[in-house]
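Residue-level listing of the chains:
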Amino acid sequence: MLDEKRLAILTDAAKYDVSCSSSGSTRSYKRGQIGNASFAGICHSFTQDGRCISLLKILLSNDCVYDCAYCMNRRSNSLPRATAAPEEICELVMAFYRRNYIEGLFLSSAIVKGPNHTMEMLFETVRKLRVDYKFNGYIHVKGIPSADKLLITRTGALADRMSFNIELPSEKSLKLLAPQKSKEAIIEPMKMLALDRYYLSPAKRRSDFLPAGQTTQMIIGASPESDAHILKLTEYMYRNYKLKRVYYSSYMPTNFNTTLLPTVAAPKLREHRLYQADWLLRFYGFTADEITDTDGNLAEEYDPKCAWALKNLHLFPVEVNSAPLSLLLRVPGIGVRSAFRIRSARKYAKLGFDDLKRMRVTLKRAKHFITCGGKFFGSENENEVKRLLIAAETDRYTQLSFLSGGDPAAESALTGEL
Ligand code: SF4
């Protein structure tokens, strides 16, 4: 059994990985097995900063042979090391599951001995859980770049979700800060999983191969790439590797023995704006080029949807009773759910501002960009609109800060309503 000391080391070492939100699995309870990947509570709890908490999040080992400059677990860093055996992780998962502490597992690892050895340990843990312990709950397992492709695919055939971390937004930064990793080694398995089942024989293929798909994580602010660069890369990965989510992790300094890294943490606001922009890419029909300037960063003072609308004032105001859905989705303050509600409701009656309020449209922001039955209650002065949007943003975060106990950034990762 994993002793408390190693448990503390391995769970603490896992906290830097944020790509652990789960969704998409519909596999329900099966007679004779334990767990239920479709249970509504699974991984739907989030910490204040939007990170999910109902999985056991643990590393198999933090004893890394690599030396990525930005990482706590790098070989050259002096810190307590620990490694768990697959059996020990399985026992822990089952014990925690039975006590109702967790709904599933997020399992990652540092590189122990080499990529294949590490991937074998991860595979063996997942295999034991599924086959020996008949664990049917949610499993998200981290893939190890450069590991054998068959091993990766076999692990994928047992897990709900897999993720290979892109780590840094450019090949140049990767070479500089994580010289033992390569872009190809990270991208190749992502491509392979997007094509899925390629390395499994047809007889072994499962119709629900990685039902919750794959995700990745990028560290923001450890290297000089702009938000425009990051969002273009994100858009490319969503389009080409069928990713469910890209997670952004603000850089935190842990290595003061190098001049390659900033000595201060990246602002949380930057991560927050990237998550908002990410929602615009996935659900609102925006492209990365529309959201950012050629090579710039996202505006700090208001969300990227407001920033886009202010640059495109010639398209507004739009009449909510007749505007196409694609344009409603671009109105600040009208979220995806509200846009669909408006489209349904206006078939039966002409909508007024009170109806919009009931549909949870944020009129403080939306009123400058819409008419409702021909009426307009916003400001026509661009500077005044900017001032009011900034004030609305401040209000929103003051309220969220109160509700979320201090971290307004939680909202963007949770709802994506913009
Ligand atoms: S491979 Fe790099 S990022 Fe991963 S644990 Fe080792 S040092 Fe850290």
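Residues numbered from 1 in each chain as written. Predicted model: local features only at pLDDT ≥ 70, side-chain atom pairs only at ≥ 80, totals over all residues. Heavy atoms only, no water.

Student: Any chance you could explain the packing of helix H2 (residues 86-98) against helix H3 (residues 115-132) here in plain terms?
Tutor: Helix-helix packing is described using two parameters, namely the angle between the two axes and the distance between the axes. As a packed pair, H2 and H3 sit with axes 9 Å apart at the nearest point and diverge in direction by 40 degrees. With respect to H3, the element H2 is oriented oblique. The chirality of how H2 crosses H3 is right-handed. Contact residues: Pro-86, Glu-87, Ile-89, Cys-90, Val-93 and Met-94 in H2; Met-121, Glu-124, Thr-125, Lys-128 and Leu-129 in H3. (Axes fitted to C-alpha atoms, helices over the stretch in contact; angles between N-to-C directions. Helix = DSSP H or I, 4+ residues; strand = E, 2+ residues; numbered from the N terminus. Parallel < 35°, antiparallel > 145°, perpendicular 65-115°, else oblique. Left-handed = near helix turned anticlockwise from the far one by under 90°. Contact = heavy atoms within 4.5 Å.)

Student: How should I be thinking about helix H7 (residues 227-241) in this particular structure?
Tutor: Taking 1.5 Å per residue as the helical rise, H7 with its 15 residues ought to reach 21 Å, and the 20 Å between its terminal C-alpha atoms agrees with that figure. Where H7 is buried, its residues meet helix H6 (183-195), strand E5 (214-220), strand E6 (243-250), helix H8 (268-283) and helix H9 (288-291). Phi turns positive, to about 50 degrees, at Lys-242, one or two residues after H7. (Expected span 1.5 Å × (residues − 1).)

Student: Whenever I open this one, the pairing of strand E1 (residues 55-59) confuses me. Can you help?
Tutor: Consecutive side chains along a regular strand alternate between the two faces of the sheet. Across the five residues that make up E1, a large majority, five, are buried. Of the two faces of E1, the one carrying Leu-55, Lys-57 and Leu-59 and the one carrying Leu-56 and Ile-58 are both buried. Bridge count for E1 against strand E2 (residues 104-108) is five bridges, and the pairing is parallel. The residue bridging Leu-55 from the neighbouring strand is Gly-104, located in E2. (Buried < 20%, exposed > 50% of the residue type's maximum accessible area, 1.4 Å probe, protein only. Pairing = 2+ DSSP bridges.)

Student: Can you help me understand the nonpolar core in this one?
Tutor: In a soluble, globular protein the nonpolar side chains are often hidden away together inside. Formed by 118 residues in total, the largest nonpolar core has its most connected members in Ile-58, Tyr-70, Tyr-248, Ile-334, Leu-356 and Ile-370. When residues of this core are assigned to their parent elements, the largest contribution, seven residues, is made by H2. In this view, Leu-356 contacts Val-320, Ile-342, Leu-351, Val-361, Leu-363, Ile-370 and Cys-372; residues no more than four positions away in its chain are not counted. (Core = buried A, V, L, I, M, F, W, Y, C linked by side-chain atoms within 4.5 Å.)

Student: I tried to follow the pairing of strand E3 (residues 138-142) on my own but got confused; where do I start?
Tutor: Summarising burial for E3: five of the five residues are buried, a large majority. Inspection of the sheet shows E2 paired to E3 by four bridges, in the parallel sense. Following the sheet pairing, Leu-107 is matched in E3 by Val-141. The β-α-β motif built from E2, the intervening H3 and the parallel element E3 has right-handed crossover chirality. The handedness of the E3 to strand E4 (residues 161-163) crossover, carried by helix H4 (residues 149-156), is right-handed. (Right-handed = clockwise from strand over helix to strand, strands pointing away.)

Student: How should the site of the ligand be read in this particular structure?
Tutor: Around the ligand, the neighbouring residues are Cys-64, Tyr-66, Cys-68, Cys-71, Arg-74, Ala-110, Ile-111 and Lys-181. Looking at the shell around the ligand residue by residue, the class counts come to six nonpolar, no polar and two charged. (Near = heavy atom within 4 Å. Nonpolar A, V, L, I, M, F, W, Y, C, P; charged D, E, K, R; others polar.)

Student: I would appreciate a short explanation of unusual backbone geometry in the present structure.
Tutor: The general pattern is negative phi for most residues beyond glycine and trans for most peptide bonds. Backbone torsion omega between Phe-316 and Pro-317 reads 0 degrees, so that peptide bond is classified as cis. Tracing the backbone shows Pro-317 in the loop between helix H10 (304-311) and strand E7 (318-319). We note that Asn-100 has phi near 70 degrees; this positive angle belongs to a residue other than glycine. Its place among the elements puts Asn-100 in the loop between H2 and E2. The backbone phi angle of Lys-134 is positive, close to 55 degrees, even though this residue is not glycine. Turning to its location among the elements, Lys-134 is positioned in the loop between H3 and E3.

Student: Teacher, can you tell me more about the side chain of Thr-234 here?
Tutor: Of note, Thr-234 is situated in helix H7. Assessed through its relative accessible area of 0%, Thr-234 is described here as buried. Residues contacting Thr-234, with those up to four places away along its chain left out, are Met-218, Val-246, Tyr-248, Asp-278 and Leu-281.

Student: Which parts of the structure should I look at to understand the environment of Gln-214?
Tutor: Secondary-structure assignment places Gln-214 in strand E5. Between the alpha carbons of Gln-214 and Gly-156 there is a distance of 9.6 Å; along the sequence they are 58 residues apart. With residues up to four places along the chain from it excluded, the contact list for Gln-214 reads Met-162, Met-190, Leu-193, Ala-194, Tyr-241, Lys-242, Leu-243, Lys-244 and Arg-245. At a separation of 2.8 Å, a polar atom in the side chain of Gln-214 contacts the main-chain carbonyl oxygen of Met-190. At a separation of 3.1 Å, a polar atom in the side chain of Gln-214 contacts the main-chain carbonyl oxygen of Tyr-241. (Polar contact = N/O pair within 3.5 Å; in protein donor to acceptor, adjacent residues only side chain to side chain.)

Student: Looking at this model, I keep getting lost on the sheet that holds E2. Mind explaining?
Tutor: Strand-to-strand pairing in sheets goes through backbone hydrogen bonds, with the strands running parallel or antiparallel. One open sheet accounts for six strands, arranged E1-E2-E3-E4-E5-E6; its pairing is parallel. Only two strands of the sheet have a single neighbouring strand rather than two, namely E1 and E6. Taking each pair of neighbouring strands and ignoring which way they run, the sheet shows an average axis angle of 20 degrees. Bridge count between E5 and E6: seven bridges; the pairing is parallel. Considered in E6, the bridge of Thr-216 is made with Val-246. This element, H3, spans E2, E3 and E4 of the sheet and lies at about 170 degrees to E3. Sheet strands touched by H8: E5 and E6. Its angle to E6, the strand with the most contacts, is close to 165 degrees.

Any link to function would need more than the numbers given here.
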